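Structural overview
If you want the building blocks of each chain, they are given just below.
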Amino acid sequence: MAVVSQVVTPEVVTHRRATGALLRSALRLRRTQIGLGLVLFILAIAIVGPRLAPHGGNDFVGTPNSLSVPGALFGTDHIGQDVWSRFLHGGLTILVLAAAATVLGLVLGIAVGLITAYSRNVLDDILMRAMDVILAFPQIMLALVAIATVGPNPFTIILAVGLTTMPRVARVTRGAAQPVVERDFVAAAEAIGVPRYRILLSEIFPNVLSPLLVEASLRLTYAIGVIAALAFLGFTTNPGAADWGLMIQENYIALTVQPWGVVLPVAAIALLTVGTGMVGDGIARAAAGIDRSRGAA
Amino acid sequence: MLERPGGTGGPARTGGIRMFILRRILQGLLVLVLVSIVVFAATQALPGDPARAILGRGATPASLAALREQLHLNQPVVQQYLTWATGLLHGDAGRSFAAQEPVSKLLGDRLVNTAFLLLCSGLISIPLSILIGSYAALWRDRPFDVVTSLVTLVFAALPEFVVGVALVVLFATTVFHILPAITLIPPGGRPWEQPIAIILPTLTLVLAVTPYVVRIMRASMVEVLESDYVEMARLKGLPERLVLRRHALPNALGPTFQVIAINLAYLAGGVIVVEYIFNYAGIGGALRDAVSNRDLPVVQAIAMIIAGLYVVLNLLADIATILVTPRLRTRL
Amino acid sequence: MTKPTIVVDRLHIGIQGSGLDIVNDLSFSIAPGEVLGLVGESGSGKTTVGLALLGHARRGAEIKGGSVRIGDIEVLELDQAERQRLRGRVISYVPQDPASALNPALRIGTQLREVLDTHNYGKNAEERRARVAEMMRDVALPDTSRFLHNYPHELSGGQQQRIGLAIAFACRPRVIVLDEPTTGLDVTTQAHVLDTVRDLASAHGVAALYVSHDLAVVGTLASRVAVMYAGRIIELGPAASMFQASCHPYTQRLIVAIPHLTGGRELVGIAGHAPSPGRRPSGCAFEPRCTFAIADCRSEMPALRPIAEVHEVRCIRAEEVRGQAPTRSGEIPRDGSATTIQPVLSLQGVHAGYRRRTVLHDINLEIAPHECLALVGESGSGKTTLARSIAGLHGDRWGVISYKGTALARVARTRPREIRRSIQYVFQNPYGSLNPRRTIRQIISQPLEVFGNVRTDEVDGRVAEMLERVSLTSAYANRFPDQLSGGERQRVAIARALICEPSVLICDEVTSALDVSVQAAIVELLHSLQRDLGLSMLFVTHNLPLVRSIAQRVAVMSHGRIVELGGVAQVLEAPTDPYTSRLLSDTPSLEVALETAAVS
């Protein structure tokens, strides 16, 4: 009888946890560091670039497609503008559009995913069917259809890319949330009568953060790709203005003569997408490592 | 001893696999109908006047009226939709604004060309990625796996047009000059008559899809190799080759079918950009031009084709998954 | 003395890439036809030992030394291909979880045949087919090709496990390792499986190692028992002497923690937990929890020494330990006598189901105030559904459930706050019932937030008070669930349930996922809390003997109906329902095993 009142002391030393710890352990991985470095580097070019550019994005500086124009480090483009200056001006649009579209897609997608995972009724079915319909189009396809009708303005692009991001995020959120919904601590909260929205926000959502962080960086990567591709196909929000995707398309013809007009923006987009991809992968690995060290729990 | 209040469901539904396939087909058709509504709504049911948008500001009232008549714009929206949809079912997708000829005639050849490109890419990338993914899982954490993981990460992140342009710079224009940058197919010719011309486009598409399938294959295989039944097979004394072939691989493939389908459908989107880069005469290139020209019937038709392809591929993937996973069959 | 079939000498298994040990200095032998029980709680390393006999180590573990001899074969010196030839033919393995050990994509006939094919059993395919049919008959399964055509998921748990046995015995091996093969099975099915194992082993003259945490099961099956703690064998001897006069403090405490069917007993658990690899002290590993410990125990690891013929023990005070067999203390008093006080919980004509299937039929039940009613049944009997219906977690219910006279709504959320506060629930799975993202303090204080009658500055005080009540220090408040052991988590769950002073506590199999010694401690805790706080309690379990240690009345359920209801002593000693009688006779019991051993 005396045994039970013998107090049990914990064996393990405490250490803080939660999302902060996940990000911190992700940052310790080399690939996350490299990825983050790339992203920040390109981000810096895009944001600070316009201030550092020797010429404006549309200034005429010399003979088109020439590599020997003084003051033009990387030569001139197809209508005689300075490639380097246009390059420095050209990143911001893509980044802003991609970020906005991703945020939109995430917010909507997480909401839909959580609700359908928890509701488990008719609403669930209807919403997921709707998601299926949107998923039937490749992202760029839907954006093109919208552009064909309304024209390439920023809101159309953000809306189109954001709405096509939503079902993909919703699927991942739902997939991650469903096993959580089955867990007993959710039932425990229901048993004492915690309102449904609070259960979603404080019981379920924090437990799906890890896969969502990974998905967020993935979606950002694709959003950048799609928006740059749209520009490459000739559908920019501001025709003629400096835009990396547009630059690639404009200078493609002169590729044999003046490669820099294509190579610079291609390299920038490549580094940016690889960077976000590596960050996402780093977070995924850190999450898997934490799950493994927790053991079967 | 867990008593699972979730329940294993009621009595097994009747009919088994056949009913399931039928139900899936009906679901697919439903999605297609919904998709067609979306496509139609996105292109024709929006506010504003399509006729004016097409003809521009300088259009005369007479030409506007004529165009509206031609586009059935004076009919109620639902009627317009039904006209279009029934036309589709008969293979008639209207007339192209830009080319003034039936859409089906315009797209016929191009469809074949694109199908060929997709077929080549698919036939190469899928077996290749299954192979690479399986070996990466088998030789886990060893050099092959580490390198593969890095390479797939990079290529999964890169947009296809970046890959395509990089390939052109590398092999066609700037570094080496061994492959053509543009597919020059004479009118009436077929891409398979010019095999060298399709190397780079196919390679671009393969590089776009393989990384994803490799990753999912690896993950699936790793999970299977860690499973209890694979351990049990080894503890029974089965030779390793048998363990892999009979116990590991079939169970690892199940989850990958879905991803393969999604990625093949994704190729349908990637084809748009790739055909543009290489000036390949397929529906991707046609779509790009149509969008540029606001050629709505063409846009609608191609959207339906691509969506249809996606639905069919998903259907096949679901059926394949069921066939490979006996456990799911009794729940049908 | 017959030459042993398998001899294990100083087996040493460690964690790959580090100097940490999982298992060390392990030696035993098994004679043909003999069953050796290997007993240990979670973390003792027993499964690792079982696998090592086949020359196999799981990912992360490495066999670092020692020897395993089967006849002339030194298993640990064989290369991979030779080990493959050995496995299944000379030595076989029966896994713990039959469902996951069978390939879900292959028919069971294929999985049976491939063992025979691989080891070239028999002269031709005809002989192999005959052998398959023979194996099926041996394990009491149909030998038709129709049955062999099934996939694993089409069989029940018991049938799957018998397939596992058939596969293991197929090539007539000389040694069999059984790794807790009856965990997760019904008591009745378990009894059948154990009988099958016993018969097959003696019929084929096979040496068997039976790995388990369940002493009662081991007691009925094994002639000799080895007890493991923290990676070493601490006692090894004949089953009878082990259970009647054990010589190691841990073995004694383990036996005392087992619920007995006959005679009410208080359960005594062991405080603390076993050290994990890397945290094991340099002296005796059990010393921190041992009541016999003296200073010398800490200085070095005791050697395994003989204390009687064929009885070895690893304790420097073994002779004194043997002399002080622990007293089986105390009856739990009271048999609930009929009272005229209004019942606190009352069920009338309750049915419940899932979609179209009815799972509970016409349940009529009452729980008196301050009483503990045990609800016993096997899996599928409906006991958890019943418990959840009372708590408002199962909506598909009709019939009347009343609390203190007031009818209860189906879904907890729609019930008035007072009622939600008064009826609390503790779940079975300690690993799923606590939100991994919240601190212990947040988890325990959640009911306070919902029922909102406590000031914010008082919350910490209340949480600390509850932690003390469940015998955890207030230092736990800042920890996260994954830093706690199973037993500790269950205590937190209990604290959470009791913090708002409910009248009714529903415990749903709260100890099923825990080790025997931890289970004993938790049951003890619940028992004292129930007494001190005057709770009414519904204690759901499949473990019949456990009922004795906590409940006054017991209801036995089968297939969704209550088949017997009465005082604990009466039902357990003189059951009136045939189902209850069969359940009692199928339950492995240490006392019965000892009597049979004493007689033979």
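Small disclaimer: the values here were computed from a predicted structure and weren't measured.

The rules behind the values
- Residues numbered from 1 in each chain as written.
- Chains lettered and ligands numbered in written order.
- Predicted model: local features only at pLDDT ≥ 70, side-chain atom pairs only at ≥ 80, totals over all residues.
- Helix = DSSP H or I, 4+ residues; strand = E, 2+ residues; numbered from the N terminus.
- Rg over C-alpha atoms; globule rule 2.2 N^0.38 Å.
- Buried ≥ 20, exposed ≤ 12 C-beta atoms within 10 Å, placed from the backbone.
- Contact = placed C-beta atoms within 7 Å.
- Pairing = 2+ DSSP bridges.
- Axes fitted to C-alpha atoms, helices over the stretch in contact; angles between N-to-C directions.
- Nonpolar A, V, L, I, M, F, W, Y, C, P; charged D, E, K, R; others polar.
- Core = buried A, V, L, I, M, F, W, Y, C linked by C-beta atoms within 7 Å.
- pLDDT = per-residue confidence, 0-100.
- Expected span 1.5 Å × (residues − 1).
- Parallel < 35°, antiparallel > 145°, perpendicular 65-115°, else oblique.
- Left-handed = near helix turned anticlockwise from the far one by under 90°.

Here's the deal with the overall build of chain C
Along chain C, the regular secondary structure elements total 23 helices and 22 strands. Here chain C has a C-alpha radius of gyration of 26 Å; the compact-globule value for 600 residues is 25 Å, and the two agree. For the C-alpha atoms alone, the extent of chain C along its principal axes is close to 75 × 65 × 50 Å. Going through the 600 residues of chain C one by one, you find that 54% of them count as buried. Taking as baseline every contact in chain C between residues at least 6 positions apart, the subset at least 24 positions apart corresponds to 69%.

As for the overall build of chain A
Within chain A one finds 13 helices and 0 strands. Taking 2.2 N^0.38 as the reference for a compact globule, 297 residues should give roughly 19 Å; the C-alpha atoms of chain A span a radius of gyration of 24 Å, well beyond that estimate. Viewed in the frame of its principal axes, chain A has a C-alpha envelope of about 95 × 45 × 30 Å. Across the 297 residues that make up chain A, the buried fraction comes to 52%. By sequence separation, contacts in chain A at least 24 residues apart represent 71% of the contacts at least 6 residues apart.

Considering unusual backbone geometry
Of note, Asp25(C) is a non-glycine position whose phi angle comes to about 55 degrees, a positive value. For Asp25(C), a count of 18 C-beta atoms within 10 Å gives the class partly exposed.

Regarding the sheet that holds strand 18 (residues 423–426) of chain C
Residue and element names in this part refer to chain C. Sheet architecture is open: 6 strands sit in the order 18-19-20-15-21-22, paired in mixed fashion. Looking at strand neighbours, the two that pair on one side only are strand 18 and strand 22 (561–567), the edges of this open sheet. Geometrically, the sheet is characterised by an average inter-axis angle of 15 degrees between neighbouring strands, direction not taken into account. Looking at chain direction, strand 18 and strand 19 (residues 504–508) are connected through 4 bridges and run parallel. For Gln 424, the partnering residue across the bridge sits in strand 19 and is Leu 505.

Brief notes about the sheet that holds strand 5 (residues 73–74) of chain C
Residue and element names in this part refer to chain C. As summarised here, the arrangement of the 4 strands in space is 2-1-4-5, forming an open sheet in which the pairing is antiparallel. Each having just a single partner strand, strand 2 (21–30) and strand 5 make up the two edges of the open sheet. Pairing analysis gives 2 bridges linking strand 4 (residues 61–70) to strand 5, with the strands arranged antiparallel. Among the inter-strand pairings, Ile 70 is bridged to a residue of strand 5, identified as Ile 73.

Concerning the interface of chain A and chain B
Interface size is commonly expressed as the accessible area that is lost once the parts come together. At the junction of the two partners, chain A supplies 37 residues and chain B supplies 41 residues. Those elements that provide at least two residues to the side of chain A that touches chain B are helix 6 (122–135), helix 7 (139–150), helix 11 (209–232) and helix 13 (260–293) of chain A. Sort the elements by how many residues they give to the side of chain A that touches chain B and helix 13 of chain A lands first, with 11 residues. Residues belonging to the side of chain A that touches chain B are distributed by class as follows: 26 nonpolar, 9 polar and 2 charged.

A word on the nonpolar core
In terms of nonpolar packing, the biggest core is built from 371 residues, with Ala143(A), Ile227(A), Tyr210(C) and Leu375(C) touching the most fellow members. Ranked by residue count, the leading element in this core is helix 10 (residues 240–278) of chain B, at 21 residues. Non-local contacts of Ile227(A), meaning those with residues more than four positions away in its chain, are made with Ile94(A), Leu97(A), Ala98(A), Ile157(A) and Val161(A).

Quick notes on the confidence of the model for chain A
Per-chain confidence: chain A averages 83 in pLDDT, with 91% of residues scoring 70 or above. Low pLDDT, under 50, characterises residues 1–16 of chain A; the predicted model gives this stretch 27 contacts beyond four residues in sequence or across chains.

A short note on helix 6 (residues 143–157) of chain B
The end-to-end C-alpha separation of helix 6 of chain B is 21 Å, in line with the 21 Å expected for 15 residues at 1.5 Å each. Of the positions making up helix 6 of chain B, those classed as buried are Thr148(B), Thr152(B), Leu153(B), Phe155(B), Ala156(B) and Ala157(B).

Thoughts on the packing of helix 6 of chain A against helix 8 (residues 154–181) of chain A
Residues and elements named next belong to chain A. Between helix 6 and helix 8, the shortest axis-to-axis distance is 9 Å and the interhelical angle comes to 125 degrees. The angle between helix 6 and helix 8 places the two elements in the oblique class. For the pair helix 6 and helix 8, the crossing hand works out as left-handed. Residues Met 131, Ile 134 and Leu 135 of helix 6 touch helix 8, and the partners they reach there are Leu 163, Thr 164, Pro 167, Ala 170 and Arg 171.

With respect to the environment of Glu41(C)
Assignment of secondary structure puts Glu41(C) in the loop between strand 3 (35–39) and helix 1 (46–52). Overall, the presence of 22 C-beta atoms within 10 Å leaves Glu41(C) in the buried class.

Describing the packing of helix 7 of chain A against helix 8 of chain A
All names here are of chain A. Running from N to C, helix 7 and helix 8 point in directions that differ by 150 degrees, and their axes come no closer than 9 Å. When the interaxial angle is binned, helix 7 and helix 8 end up roughly antiparallel. The way helix 7 lies across helix 8 gives a crossing that is right-handed. Residues Gln 139, Leu 142, Ala 143, Ala 146, Ile 147 and Val 150 of helix 7 form the contact with helix 8, whose own contacting residues are Thr 156, Ile 157, Ala 160, Val 161 and Thr 164.

Considerations on the confidence of the model for chain C
In the predicted model, chain C carries a mean pLDDT of 87, and 95% of its residues have values of at least 70. For chain C, helix 23 (residues 590–599) of chain C is the element with the lowest average pLDDT, namely 67, and strand 19 of chain C is the one with the highest, namely 95.

Things to note about the pairing of strand 1 (residues 6–15) of chain C
Residues and elements named next belong to chain C. Note: strand 1 against strand 4, 8 bridges, orientation antiparallel. Within strand 4, the position partnered with His 12 by the bridge is Gly 65. Strand direction decides the pairing type here: strand 1 and strand 2, joined by 6 bridges, are antiparallel. Bridge pairing links Ile 6 to Ile 30 in strand 2. In sequence, strand 1 turns back onto strand 2 through a hairpin of 5 residues, with Gly 17 there showing a positive phi of about 80 degrees.

Brief notes about helix 19 (residues 516–533) of chain C
Residue and element names in this part refer to chain C. Its 18 residues place the ends of helix 19 25 Å apart at the C-alpha level, agreeing with the 26 Å of an ideal helix rising 1.5 Å per residue. The buried fraction of helix 19 amounts to 14 of the 18 residues, a majority that puts the element mostly inside the structure. Just beyond helix 19, the residue with positive phi is Gly 534, at close to 65 degrees.

Regarding the environment of Val271(B)
Counting through the fold element by element, Val271(B) comes out in helix 10. Considered as a pair, Val271(B) and Leu106(B) are 165 residues apart in the sequence and their alpha carbons are 18 Å apart.

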